[in-house]
Amino acid sequence: MLMLSTPILLSAQKMIKKYSVQEYVKDRKDWKTNLSNSEIMVLENGYAIGGYDPVAYFTKEKALKGKESIKSEWKNATWLFASEEHKNLFEKSPGKYAPQYGGWSLTHMSGDGGEGFAARTRPEDSWIIVEDKLYMIHMVEWANHFRKNKDYVKNYAKYAEEQWPQVSKSLKIGAKTFWPSLYDKDYGSHEMRPILAQTEFMVLHNGYAIGGYDPVAYFEIGEATKGKEEINYEWMGANWLFSSKKHYELFKANPENYAPQYGGWCSYGMSGHGSDGYGAQSRPNDSWSIVDDKLYLNWSPGVKQAFLKGKDKYISDANKEWQKVRKDILKGKEVHWKYF
C-alpha cells in the first residue's frame with residue numbers, strides 16, 4: 001500500500017492551492033492598479049519610467065531626468081527626454097531604447113519559478129544594459145549584483161520573456177502591480193510569508209515536498225522528474241511523491257540519502273552569502289545540483305551558477321546557518337516566496 005498520507009495531511013493539501021498573482025494580492029496596500037492604461041511603468045509624476053530619458057542610458061551611460069518641454073507619446077505613455085536629439089533617436093526606434101518589459105523589474109517579471117508579475121523599479125539607480133538592451137531592477141543592491149554578474153541577466157531574461165506576453169495583457173486591462181515605494185522598506189511584504197506546512201521541508205502550493213518532484217530521480221536518472229500522486233510517502237511532516245515504486249522503496253529505506261539539503265530551501269540563501277542565512281523558495285525543476293552525493297536546490301538557474309562557483313564556502317556556511325534557520329522555520333518564521 002503506497003498511499004501513506006494521513007487524513008489530516010490530505011485535508012491540509014486540499015486547502016493549499018496555487019494562487020495567481022491577482023488572486024493573491026487582492027487588497028494589499030503594496031499592490032495597486034497600474035497608473036496608466038499601458039504596459040509601460042508610469043510613476044506618480046505621470047511619465048513613463050518616472051520621466052527619465054531612456055536614450056541617455058545608452059548615449060550617456062547614466063540616468064538623466066527628461067525635460068517636460070521635450071516629450072513623445074508611445075504605447076499610451078508619455079516619455080521625457082534630456083534633448084531634442086534623444087527624442088528624435090527614440091521616435092525613430094523606440095523599441096531600441098525603451099526598457100525591457102515596460103520598465104518593470106526584470107527579477108519579478110521572470111517569476112523565479114512561479115508566475116511573473118510587474119513590480120515597480122528605480123530608474124534613477126537600478127538599471128543595467130546587457131547586449132544593447134535596457135533592464136530595470138527593483139532595488140539598487142540587485143542592480144549592482146547584476147553589474148558584476150551580467151550572465152545572470154541572461155538567465156532571468158530567458159524566463160521573463162516567457163512571462164511578459166501574459167503580464168503585458170494583464171496590465172492593459174487593469175491588473176495590479178507591486179509598488180514597494182508604498183512600504184518603508186524595499187522588502188518585507190508579500191514575498192515573506194509563513195511556511196505552508198509545519199515541517200522544515202519546503203512544501204509548495206500543490207501540498208507536496210519540493211513541489212512534488214521525485215527526490216530519488218535526481219540521483220538515479222539525473223533529471224528533475226515529477227512524482228505521481230498515487231506513489232507517495234509521508235516523512236518528517238511532509239508528503240513526498242515518486243515517479244516509480246522503485247524510487248519510493250529507495251527513499252523509504254533511507255530518506256536522508258535522497259532528501260535535499262536544508263529542507264529543499266535555496267542553498268545560496270541558506271548560506272547567507274555574506275550575511276545571515278534564511279529560507280527561500282527554490283526551483284526543483286531546473287535549479288538543482290548534486291555535490292558529493294548530496295542534493296542542493298536553489299532559487300533560480302542564475303543563483304545555482306553562483307552557488308556552484310563558490311560551493312565549498314557556501315556549503316560550509318549553509319551547514320552552520322541551517323541549524324538556526326531550521327529551528328526558526330519550525331517556530332513559524334516567515335520564508336521568502338516568489339511562487340503564487
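Please refer to the structure placed before this passage.
Conventions and cut-offs
- Residues numbered from 1 in each chain as written.
- Predicted model: local features only at pLDDT ≥ 70, side-chain atom pairs only at ≥ 80, totals over all residues.
- Heavy atoms only, no water.
- Helix = DSSP H or I, 4+ residues; strand = E, 2+ residues; numbered from the N terminus.
- Buried < 20%, exposed > 50% of the residue type's maximum accessible area, 1.4 Å probe, protein only.
- Contact = heavy atoms within 4.5 Å.
- Areas by Shrake-Rupley, 256 points an atom, 1.4 Å probe, with all protein chains shown as cover.
- Arc of directions from axis to C-beta.
- Axes fitted to C-alpha atoms, helices over the stretch in contact; angles between N-to-C directions.
- Parallel < 35°, antiparallel > 145°, perpendicular 65-115°, else oblique.
- Nonpolar A, V, L, I, M, F, W, Y, C, P; charged D, E, K, R; others polar.
- Core = buried A, V, L, I, M, F, W, Y, C linked by side-chain atoms within 4.5 Å.

It is worth spelling out the overall build of the protein at this point. Check the secondary structure of the protein and you find 14 helices and 12 strands. Taken over 340 residues, the protein has a buried fraction of 55%. Looking at the protein alone, contacts between residues at least 24 apart form 62% of all its contacts between residues at least 6 apart. Accessible surface, the protein: about 15,600 Å² in total, of which carbon and sulfur atoms supply 48%.

Right, let's talk about helix α10 (residues 245-253) for a bit. Of the residues making up α10, those classed as buried are His247, Tyr248 and Phe251. All buried residues of α10 fall inside an arc of 105 degrees around its axis, so they share one side. Along α10, the residues that are exposed and aim more than 90 degrees away from the buried face are Lys245, Lys246 and Ala253. Buried residues belonging to α10 abut α9 (217-220), β8 (228-235), β9 (238-242) and α11 (255-258).

This part takes up the packing of helix α7 (residues 140-148) against helix α8 (residues 150-172). Two numbers describe how α7 lies on α8: the axes approach to 5 Å, and their chain directions differ by 110 degrees. Accordingly, the angle class assigned to the pair α7 and α8 is roughly perpendicular. Across the interface between the two elements, Trp142, His145, Phe146, Arg147 and Lys148 from α7 touch Lys150, Tyr152, Val153 and Tyr156 from α8. Counted by class, the contact of α7 with α8 contains 5 nonpolar, 1 polar and 3 charged residues.

Looking now at the nonpolar core. If you look at the biggest cluster of nonpolar residues, it comprises 86 residues, and the most contacted ones within it are Trp79, Leu106, Phe146, Trp240, Phe251 and Trp265. Broken down by element, this core gets its largest block of residues, 8 residues, from α8.

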